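# Coordinates in review
Here is how the chains run, residue by residue.
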Amino acid sequence: MKPLPRKQGRDAFLETAGKPSRDSEGPSRGSAEMVKYKILVATGDSVFAGSANLVHLWLVGEHGEADLGKQLRPLLGRKTELEVDVPLHLGRLLAVKLRKQKGLLDSDWFCKSITVQGPGTQGEAFFPCYSWVQGKETICLTEGTALKVTDDTQNLFRKYREQELENRRNVYRWGSWKEGLILPIAGSTERDLPRNQRFMKDKDLDFSLSLVKELKNFAIKGTLDFVSRVQKLEDYQKVFPHTKTALPERVRGSWKEDALFGYQFLNGANPMLLRRSMRLPARLVLPPGMEDVQTQLEKELKAGSLFEVDFSLLDGVKPNIIIFKQQYVTAPLVMLKLQPDGRLLPMVIQLQPPRHGCPPPLLFLPSDPPMAWLLAKIWVRSSDFQLHQLQSHLLRGHLMAEVISVATMRSLPSLHPIYKLLAPHFRYTMEINTLARNNLVSEWGIFDLVVSTGSGGHVDILQRATSCLTYRSFCPPDDLADRGLVGVKSSLYAQDALRLWEIISRYVERMVELFYRSDTDVKEDPELQVWCREVTEVGLLGAQDRGFPLSLESRAELCRFVAMCIFTCTGQHASTHLGQLDWYAWIPNGPCTMRKPPPISKDVTERDIVDSLPCLQQARMQITVTKFLGRRQPVMVALGQHKEEYFSGPRPRDVLKQFQEELAIMDKEIEVRNASLDLPYEYLRPSLVENSVTI
Ligand code: FE2
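Conventions we followed
Residues numbered from 1 in each chain as written. Predicted model: local features only at pLDDT ≥ 70, side-chain atom pairs only at ≥ 80, totals over all residues. Heavy atoms only, no water. Helix = DSSP H or I, 4+ residues; strand = E, 2+ residues; numbered from the N terminus. Rg over C-alpha atoms; globule rule 2.2 N^0.38 Å. Buried < 20%, exposed > 50% of the residue type's maximum accessible area, 1.4 Å probe, protein only. Contact = heavy atoms within 4.5 Å. Lys, Arg positive; Asp, Glu negative; His and termini not counted. Charge placed at Lys NZ, Arg CZ, Asp CG, Glu CD. Donors = N, O, S within 2.8 Å, 3.2 Å for Na, K, Ca; no water. Phe/Tyr/Trp six-rings, centres within 6.5 Å; stacked < 30°, edge-to-face > 60°. Lys NZ or Arg CZ within 6 Å of the ring centre and 35° of its normal. Patch = residues over 30% accessible without salt bridge, like charges linked within 9 Å, V, L, I, M, F, W, Y side chains within 5 Å. Areas by Shrake-Rupley, 256 points an atom, 1.4 Å probe, with all protein chains shown as cover. Salt bridge = Lys/Arg side-chain N within 4 Å of Asp/Glu carboxyl O. Pairing = 2+ DSSP bridges. Axes fitted to C-alpha atoms, helices over the stretch in contact; angles between N-to-C directions. Parallel < 35°, antiparallel > 145°, perpendicular 65-115°, else oblique. Left-handed = near helix turned anticlockwise from the far one by under 90°. Nonpolar A, V, L, I, M, F, W, Y, C, P; charged D, E, K, R; others polar. Expected span 1.5 Å × (residues − 1). Bend = angle between axes of the 7 residues up to and from the residue.

### Observations concerning the overall build of the chain
- Assigned secondary structure in the chain consists of 20 helices and 16 strands.
- Taking 695 residues into account, the globule formula puts the C-alpha radius of gyration at 26 Å, and the chain, at 28 Å, falls close to it.
- Expressed as a percentage of its 695 residues, the buried residues of the chain come to 59%.
- A sequence separation of at least 24 residues applies to 77% of the contacts in the chain between residues at least 6 apart.
- The averaged location of the 83 negative side-chain charges in the chain is 4 Å from the averaged location of its 89 positive side-chain charges.

### So, the coordination of the iron ion
- Surrounding the iron ion are the protein donor atoms H393 (NE2), H398 (NE2), H573 (NE2), H577 (ND1) and I695 (O), at 2.1 to 2.3 Å.
- Donor residues binding the iron ion come from one chain and are separated in sequence as H-x4-H-x174-H-x3-H-x117-I. With a gap of 184 residues between them, H393 in helix 7 (residues 370–411) and H577 in helix 16 (residues 555–577) connect regions that are remote in the sequence.
- The class of H393 is buried, set by a relative accessible area of 6%.

### What to know about unusual backbone geometry
- Despite not being glycine, F324 shows a phi value in the positive range, around 65°.
- Here F324 shows up in the loop between strand 12 (321–322) and strand 13 (325–326).
- By relative accessible area, which is 82% here, F324 ends up exposed.
- In this structure, S455 is a non-glycine residue whose phi angle is positive, near 65°.

### Observations regarding the environment of E214
- Mapped onto the elements of the fold, E214 is located in helix 3 (residues 201–225).
- In sequence terms E214 and G454 are 240 residues apart; their C-alpha atoms lie 22 Å from each other.
- Those residues in contact with E214 that sit more than four places away from it in its chain are T624, K627 and F628.

### Description of the packing of aromatic side chains
- Counting across every chain of the model gives 19 aromatic pairs.
- A connected cluster of aromatic rings, assembled from ring pairs, spans Y471, F474, W531, F548 and F561.
- In this structure, R195 packs its charged tip against the face of W132, placed 3.8 Å from the ring centre.
- Lying over the aromatic face of F474, R396 brings its terminal NZ or CZ to 4.2 Å of the ring centre.

### Remarks on the side chain of R673
- Tracing the chain through its elements places R673 in helix 20 (residues 650–675).
- Setting aside chain neighbours within four positions, we find R673 in contact with L492, Q495, D496 and Y681.

### Here's the deal with a nonpolar patch on the surface
- The grouping of L224, F226 and V227 at the surface amounts to a nonpolar patch, some 390 Å² of accessible area in total.
- Within the secondary structure, V227 sits in the loop between helix 3 and helix 4 (247–254).

### Things to note about the sheet that holds strand 14 (residues 333–338)
- With antiparallel pairing, the five strands of this open sheet are ordered in space as 10-11-14-15-16. Only two strands of the sheet have a single neighbouring strand rather than two, namely strand 10 (275–276) and strand 16 (363–364).
- As judged from the six bridges shared by strand 14 and strand 15 (residues 344–350), these two strands associate in the antiparallel manner. Bridge pairing links V334 to I349 in strand 15.
- Running over the sheet, helix 5 (residues 258–267) touches strand 11 (306–310), strand 14 and strand 15 and is turned about 95° from strand 15.
- Most of the contacts of helix 6 (residues 291–303) go to strand 15, to which it runs at about 135°, and overall it touches strand 11, strand 14 and strand 15.

### So, the sheet that holds strand 8 (residues 125–133)
- Read across the open sheet, the four strands follow the order 5-2-7-8; overall the sheet is antiparallel. Pairing within the sheet leaves two strands with one partner each, and these edge strands are strand 5 (79–86) and strand 8. The mean angle between the axes of side-by-side strands here comes to 20°, regardless of whether they run parallel or antiparallel.
- With six bridges connecting them, strand 2 (residues 35–43) and strand 7 (residues 109–117) associate as antiparallel partners. When the bridges of strand 7 are listed, I39 appears paired with V116.

### Here we look at the packing of helix 3 against helix 19 (residues 616–630)
- Their axes nearest at 10 Å, the elements helix 3 and helix 19 cross at an angle of 165°. In terms of orientation, helix 3 lies roughly antiparallel with respect to helix 19. Between helix 3 and helix 19 lies a crossing whose hand is right-handed. Side by side, helix 3 and helix 19 meet where F207, S210, L211, E214, L215, F218, K221, G222 and D225 of the first sit next to L616, Q617, R620, M621, T624, K627 and F628 of the second.
- Of the residues assigned to the contact of helix 3 with helix 19, the class counts are seven nonpolar, four polar and five charged.

### Considerations on helix 3
- Here helix 3 contains 25 residues, and its C-alpha end-to-end distance of 35 Å stays within 8% of the 36 Å for a straight helix at 1.5 Å per residue.
- In helix 3, a bend of some 25° at A219 exceeds every other bend along the element.
- Considered for burial, the residues of helix 3 that qualify are K203, D206, F207, S210, E214, G222 and D225.
- Turning to helix 3, the residues buried within the fold contact helix 9 (429–439) and helix 19.

### Observations regarding the environment of R483
- Structurally, R483 is set in the loop between helix 12 (476–482) and helix 13 (492–515).
- Taking the C-alpha atoms as reference points, R483 and S648, 165 residues apart in sequence, are found 42 Å from one another.
- Among all residues touching R483, those that are not within four sequence positions of it are P271, M272, L273, L274, R275, R276 and Y493.

### Comments concerning the pairing of strand 7
- Most of strand 7 is tucked away, with seven of its nine residues classed as buried.
- Sheet topology places strand 7 next to strand 8; seven bridges connect them, and they run antiparallel. Among the inter-strand pairings, W109 is bridged to a residue of strand 8, identified as V133.

### Notes on the pattern of salt bridges
- The tally for this structure, following the rule as stated, stands at 43 salt bridges.
- Ionic pairing is found between R195 and D108, a salt bridge with its closest N-O pair at 2.4 Å. A residue pair is termed long-range when its members are at least 10 positions apart, and R195 in the loop between helix 2 (158–171) and helix 3 and D108 in the loop between strand 6 (93–100) and strand 7 qualify at 87 residues.
- Its salt-bridge partner being D496, residue R673 comes within 2.8 Å of it at the nearest N-O pair. In this pair, R673 sits in helix 20 while D496 sits in helix 13, placing the two residues 177 residues apart along the sequence. With respect to burial, R673 and D496 carry one shared label: buried.

Structure (structure tokens):
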């Protein structure tokens, strides 16, 4: 949290804390009277959170500092209690400093918090930590009452804040992964990350063991794949996993239906691409003889029930070559109509945009021969797989959350109310993203091995998608309005995203009201302004031209920005992460690659389809990764359920409690709604949404 070199930490407080204060009470420095303090130190309960080393403690108050000596041996999962007599009244307690002594063994200690009872603590003073104490560094824990710079009229913490940020900016450095991409944390592997950003042992073990299990399965079953080939669509049953949920089975049974194809754009793994048509897309060239289709499209357009999904972002992306075999990528356009019963049905599929000097691309219709229509839909599903994983999930969920986390760690000190509000939403994001960069989208990573856009195309897509990262697209009320999805009853994603956004917004507003009394308070908070610039200008590489703010001028602007941060780290990611296993377990519904070029005629057989779909080894790898990442996480913290208390005092606690109550009501109502639905939608159910991006 705030590891300060001993000298820095001491000096920060020695400069200020020892000065007499007009507001202070009780006997001052030099009194012979002994003063009793009771100290409660809480150690983390994860394996190895305790330490064999003794810990040296100091109490820092307005009147001075008391050295308590090497008093404490922190034990795993325990609260250690100490009673000390101090020869001076410290006045209001400002901080606790601690340093671990080196013994024969040097073991790190995860300190949760320290509570102190005694004079000047108004009952008790709470010092949040939730950090590792390592080596011989001195950690300084400030009392948990959130303070802006301007609240600190006596300048008690001014130096401390500056030094903490200077230190953090050294530890949390911006890195760069690929040119033109929003910035990650510096570091090549997870071992380079700050210790406080690493997985705790329970997460680490669960992650490693489940990966080993899936890879073992892959190795055993995968050897048989070399002697068997996919001859017909049903052969993908060989890699179909046994899952605890019913949806993958349902997808396997109904994947050919137009209604399920359309449904996925509303409520599937990737609900981010669908938009209501305002006009017929320029790329849709209808050749002579298709006047009927034109009339139908215009009729739906006029009625406001015409929708489109345009994959133009994929146009011209270089396809992968996997084991000397060329793979294929297209950039389809799908036009769909929203029926009065809520079903979204495809009307036309164009697999490629028109090319200058070439005949207009073939258009596929539901009335085409069934295999031709099915292959066109499969091409769309494969294109959706690419944009889903790269644009919606990795870029807009994982990488965006990392920008927010790193910028916050670099710009907001631990005393700042917005730091305290956001900190629980950064857990494990830097490590999971580092793992993804090194294993999924790296050279020889999963994308290179089995995905049609791997080996560079995927980076191109991420770079192209960066230009679509608008501020409005991260705020569901704006995003859904822009896409014409507000009020669409069958868009369960839209309803749940709006509701979750409203609950998060109310939580943020209540918390902001506690610390910012006016717009001027916001404008005059220099740390807040630096933070906002760090996100927009540095982390997002100058996203002000896409609507991201460079400064925050009012409480309303602050609330929207902070709600965007929390929604991105939680709902945004969950809505594109949780559906992976449901929708990609049946390979033909979401193929990671296509092995044949798109059809140039409507004379298509089942054999043409299976020859286009992934081979069995590729399919098994897709299942292995999807199962590993898409399974429900046993080690998880649901939205708003974090146990860390960064704020002192009852009012922030009440605000969090209210947030939790509203989330519980939403959760229950989704449960009830889902019970009456043919296809339940649960990716934004608060009890399933993680509090941060961790997988
Ligand atoms: Fe994820």
